Amino acid sequence: MSEHEAPVEDDRDDQPYEYVPGGKRRKRRGGKGCLAVVVALAVLVGGFYVGLTKGVEWVSDQFQGPDDYPGPGTGSVQFDVNEGDSVAQIGRNLKAEGVTKSVQAFIDAAAGEPDSSGIQVGAYELQKEMKASDALEVLIDPANLIGFPTVTIPEGLRLTEIVSTLAEGTDFSEAAYNRALQQPDRIGLPDYADGNAEGYLFPATYEIKPGMKPVAILKMMVARWQQAADEAGLEEKAAELGHTPGELMIIASLIQAEGRGSDMPKISRVIYNRLDGPGDKGGTNGTLGIDAAIAYGLGLSPGSTELTPEQLAEDTPYNTRLNAGLPPTPIEAPGDDAIAAAANPEEGGWYYYVTVDLSTGETKFYETYDGFLEGREEYKTYCETSDRC
């Protein structure tokens, strides 16, 4: 081309281009850019669709209510309602046991049932995968409570007798209970019991639930004793009276052995007067003179009435005629009244008492030894006509 010829226009110069490092231009077809726009639009529309779908599902969930099984359920589940369980806690426990599908389903069912606030503590038989309202219907009816075998421990039993009674009423031997008694920390004995459960297995009726073994059974009995001790203010009262909680439990056992009913606080006062009274302590020199303790130390059966002179003269740590002060341990299991009496002795100046009628338990209290002698003569007169002596 001569320098005078006009240049030929190249229509490709109007095409879009992209910058390439090195200063060269690379031609780009316009169709590729359109494709990018289409793809972006598709992604935008797809995201809108997914978001819309999720939103519809969320709104739907709000109106469908909590998850619940259709029922009626399968199999069998023993379900326990514990002391202090709220409706929400019962719902959580039901879900954990696989009875109901959600906690909220049970809460909603309970909200529409006035009797749900009266669900009683105990065990119930339910099923897996129950409708929440069906499970609630079982729980609000006390007739559905499962009954378990029971063992009754009367007041005043010694530890050996309690072990024998437990062995007779359960599937475990006396040896199994005695092994459990060698684990005072596991059964919950207080430190001041010094590892000896005598007096600390509370007399009451106990349900023996499936799976309970000797340690658990004894622990339950000690826990019931702790309840009685707390209600009586045992530790606080011991400090007020100038004694230890362990000493009050020994006193409670002596009261249980010696008295009944309204006489217990008076017998308690006689014991404290003899232990802590002024001077010669009413002529007793600090001895308690309680023959039930002497019989315990000799291994004689409870209920022994008249001890022989030889037995009364035998020197054991439990001979409260020879030794001043308390015996080393409780001598039997005291109940609520005896523990309360040990913590709350009645005010009075008595140092002596005599049960003058063994059939009725009538007991008379005296401040002097001469008064005691009068009571003893009344007792002897009673024995002349009674076979109880």
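Residues numbered from 1 in each chain as written. Predicted model: local features only at pLDDT ≥ 70, side-chain atom pairs only at ≥ 80, totals over all residues. Heavy atoms only, no water.

**Thoughts on the pairing of strand β8 (residues 362-366)**
Where we set the bar: We treat two strands as partners when DSSP finds at least two bridges between them. Helix numbering and strand numbering both begin at the N terminus, where a helix is a DSSP run of H or I of at least 4 residues and a strand a DSSP run of E of at least 2.
Two elements, strand β7 (residues 352-357) and β8, share five bridges in a ladder whose sense is antiparallel. Following the sheet pairing, Thr355 is matched in β8 by Thr363. Between β7 and β8, which pair antiparallel in sequence order, lie four residues; one of them, Gly361, sits at a positive phi of approximately 80°.

**With respect to the side chain of Asn319**
Condition: Exposed residues in this analysis have more than 50% of their type's maximum accessible area, buried residues have under 20%, and partly exposed residues fall in between, with area computed by a 1.4 Å probe over protein chains only. Polar contact is the term for a pair of N or O atoms within 3.5 Å; when the atoms are in protein, one must be able to donate a hydrogen and the other to accept it, and sequence-neighboring residues count only if both atoms are side-chain atoms. Here a residue-residue contact requires only that any non-hydrogen atoms of the pair lie within 4.5 Å.
Looking at the element boundaries, Asn319 is found in the loop between α13 (309-313) and α14 (336-343). Relative accessible area serves as the criterion here: at 0%, Asn319 is assigned to the buried category. Of the polar contacts made by the side chain of Asn319, one reaches the backbone nitrogen of Arg321; its length is 3.0 Å. Apart from residues lying up to four places away in sequence, Asn319 is in contact with Ile294, Gln311, Leu312, Ala313 and Glu314.

**Overview of the packing of helix α10 (residues 245-258) against helix α11 (residues 264-276)**
Test applied: Orientation is described by lines fitted to C-alpha atoms, with helices fitted over the stretch in contact, and by angles between N-to-C directions that extend from 0 to 180 degrees. Here the angle decides the label: under 35 degrees means roughly parallel, over 145 means roughly antiparallel, 65 to 115 means roughly perpendicular, and every other value means oblique. If you view the pair so one helix is near and one far, a crossing is left-handed when the near helix is turned anticlockwise from the far one by less than a right angle, and right-handed when it is turned clockwise. Residues are grouped as follows: Ala, Val, Leu, Ile, Met, Phe, Trp, Tyr, Cys and Pro are nonpolar; Asp, Glu, Lys and Arg are charged; every other residue, Gly included, is polar.
The contact between α10 and α11 brings their axes to 9 Å, and the two run at 130°. With respect to α11, the axis of α10 lies oblique. Crossing handedness for the pair α10 and α11: right-handed. For the pair α10 and α11, contact is made by Leu248, Ile251, Leu254, Ile255, Gln256 and Glu258 and by Met264, Ile267, Ser268, Ile271, Tyr272 and Leu275, respectively. Residue composition of the contact of α10 with α11, grouped by class: nine nonpolar, two polar and one charged.

**A closer look at the packing of helix α6 (residues 174-181) against helix α8 (residues 214-232)**
Contact pair α6 / α8: the axes reach a minimum separation of 9 Å and the direction vectors enclose 65°. In the crossing of α6 with α8, the sense of the turn from one axis to the other is right-handed. Contacts between α6 and α8 involve Ala176, Tyr177, Ala180 and Leu181 from the former and Pro214, Val215, Ile217 and Leu218 from the latter. Here the residues of the contact of α6 with α8 are counted per class, giving eight nonpolar, no polar and no charged.

**Considerations on a negative patch on the surface**
What counts here: To count toward a patch, a residue needs a relative accessible area over 30% and no salt bridge; like charges are then connected within 9 Å, while nonpolar side chains (Val, Leu, Ile, Met, Phe, Trp, Tyr) are connected within 5 Å. Accessible surface area values rest on a Shrake-Rupley calculation with a 1.4 Å probe, where residue burial reflects the displayed protein chains alone. The salt bridge definition used is simple: a Lys or Arg side-chain nitrogen within 4 Å of an Asp or Glu carboxyl oxygen. Positive charges come from Lys and Arg, negative ones from Asp and Glu, while His and the chain ends are left out of the count. Charge coordinates come from a single atom per side chain, which is NZ of Lys, CZ of Arg, CG of Asp or CD of Glu.
Together, Asp230, Glu231, Glu235 and Glu236 give the surface a local cluster of negative charge. Those elements that place two or more of their residues in the negative patch are α8 and α9 (234-241). Residue placement: Glu236 occurs in helix α9.

**Topic: unusual backbone geometry**
A cis amide bond, omega 0°, links Gly71 with the succeeding residue Pro72. Positive phi, close to 55°, is recorded for Lys281, a residue that is not glycine. Tracing the chain through its elements places Lys281 in the loop between α11 and α12 (291-298). Exposure remark for Lys281: the relative accessible area of 23% places this residue in the partly exposed category.

**Some details on the packing of aromatic side chains**
What counts here: We call Phe, Tyr and Trp rings a pair once their centres come within 6.5 Å, taking the six-membered ring for Trp, and we label the pair stacked below 30 degrees between planes, edge-to-face above 60, and tilted otherwise. Either the NZ atom of lysine or the CZ atom of arginine qualifies as a charge over a ring when it sits within 6 Å of the ring centre and within 35 degrees of the ring normal.
In this structure the tally under the stated criterion is ten aromatic pairs. Judged by centre distance (6.4 Å) and plane angle (90°), the rings of Phe172 and Tyr177 are edge-to-face. The buried category is assigned to Tyr177, whose relative accessible area is 0%. Taken together, a centroid distance of 5.9 Å and an interplanar angle of 40° make the contact between Tyr353 and Phe365 tilted. One end of the pair, Tyr353, is in strand β7; the other, Phe365, is in strand β8, and twelve residues separate them in sequence. A single burial state applies to Tyr353 and to Phe365, both of which are buried. Through a chain of ring-to-ring contacts, the aromatic side chains of Tyr192, Tyr200 and Trp225 assemble into a single cluster. The cationic tip of Arg274 hangs over the ring face of Tyr352; the distance from NZ or CZ to the ring centre is 4.8 Å.

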